[in-house]
Amino acid sequence: MTNFPQTPGSHYRPAGLRERLERALALLAPAGQALEPGQLGALDQFHTRGLAATRELAELGGIVAGHAVLDVGSGLGGPARLVAASRGCRVIGIDLSEEFVEAARYLSERTGQTAQVEFLHASALALPFGDAVFDRILLQHVAMNIRQRTELYREMRRVLVPGGRMAAYDVVRAGGEPLYPLPWARSPEHSFLLDAAATRDAVEAAGLRTLAWRDDTPAAIGWAQRLLQAVGAPPAPGLAVAMGEDFPQLAANLARSLLQGRVGVLMAVFEAA
Ligand SMILES: C[S@@+](CC[C@H](N)C(=O)[O-])C[C@H]1O[C@@H](n2cnc3c(N)ncnc32)[C@H](O)[C@@H]1O
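My aim in this report is to walk through the structure given alongside it, one point at a time. (Residues numbered from 1 in each chain as written. Predicted model: local features only at pLDDT ≥ 70, side-chain atom pairs only at ≥ 80, totals over all residues. Heavy atoms only, no water.)

Moving on, we get to helix α10 (residues 247–259). Along its 13 residues, α10 runs 18 Å from first to last C-alpha, staying within 8% of the 18 Å computed at 1.5 Å per residue. Residues of α10 that are buried include every one of F247, L250, A251, A252, N253, L254, A255, S257 and L258, and no others. Those residues of α10 that are buried are in contact with β5 (160–173), α8 (217–229), α9 (240–243) and β7 (263–272). (Helix = DSSP H or I, 4+ residues; strand = E, 2+ residues; numbered from the N terminus. Expected span 1.5 Å × (residues − 1). Buried < 20%, exposed > 50% of the residue type's maximum accessible area, 1.4 Å probe, protein only. Contact = heavy atoms within 4.5 Å.)

As structure tokens, this is what we get:
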């Protein structure tokens, strides 16, 4: 296994993930029966507001058929599969977690999308691509794990074609410290939140200009309220399959952090000069 710097501990490295996914998917369809990417949304869209947020980000980012798209920090591959299916483009995902990369490949076999999506084990800080090869980049709920924002955004700028766009969807610092453990970090040493203005400054310093800017906090607060109301409801297969049985507690801490104004959510699109 390649060793990359800045691995957020064992947080995204669950053991036995393939077997747990197989068991969860058996509840949705018999093995051998193709699944629709949207059917997996509860367990493979690892960010606030799930499928809806990915659809909105792809729309805001202007992703169209034929675009070469890179998903940085692709997780279980849900956003890549949804964007490939709904926008008619090819998507490459990279992720630091080898376990997640393998899971993303398995789930893409189950949705019959291995020709449209590809997943590689790589660091966002050292993308394994030449210069100017992607039309669009997605970065959803990943920057919160990365301290070296300047390097991150410069690296994305490097692989974008001139006029290419990076569509970001981040939790951002707002009125205070978030409540831990969180979905992206069980303790503060793995969380590197910036506020919205500092995020924009870091992206623009890397040679990208702001095209679209949306404070997504009100929508995230609606999501948080629904999530907290559902606590105690019968469990359905969700991100706990990948992240462990305490995941609802992590998600509830994010919901409370949003409701208490400690954090916000930003959706924004930036263009390479
Ligand atoms: C909260 S998950 C989001 C996954 C996916 N973007 C989504 O929205 O479904 C964060 C992901 O970022 C990945 N990640 C964190 N730091 C990374 C880095 N330096 N390079 C590549 N991936 C990274 C993690 O392994 C994890 O899969």
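Now, onward.
Our next topic: helix α5 (residues 98–110). If you check α5, its first and last C-alpha atoms are 19 Å apart, about what 13 residues at 1.5 Å a residue would give, namely 18 Å. Along α5, the positions that sit buried rather than exposed are F100, V101, A103, A104, Y106, L107, S108 and R110. Buried residues belonging to α5 abut α1 (17–26), α2 (41–44), α4 (78–87), β2 (90–95), β3 (117–121) and α9. Downstream of α5 by one or two residues, G112 has phi in the positive range, about 65°.

Attention shifts here to the site of the ligand. Taken together, 22 residues form the shell around the ligand, and within it F46, H47, G73, D95 and A124 come nearest. Measuring from an oxygen atom of the ligand, one finds a backbone N or O atom of F46 at 2.8 Å. H47 is positioned with one of its side-chain polar atoms (N or O) 2.6 Å from an oxygen atom of the ligand. In the complex, the protein chains occlude 99% of the 600 Å² of accessible area that the ligand would expose alone. Partitioning the shell around the ligand into residue classes produces ten nonpolar, ten polar and two charged. (Near = heavy atom within 4 Å. Polar contact = N/O pair within 3.5 Å; in protein donor to acceptor, adjacent residues only side chain to side chain. Areas by Shrake-Rupley, 256 points an atom, 1.4 Å probe, with all protein chains shown as cover. Nonpolar A, V, L, I, M, F, W, Y, C, P; charged D, E, K, R; others polar.)

Remember, this is a structural readout, not a statement about activity or role.
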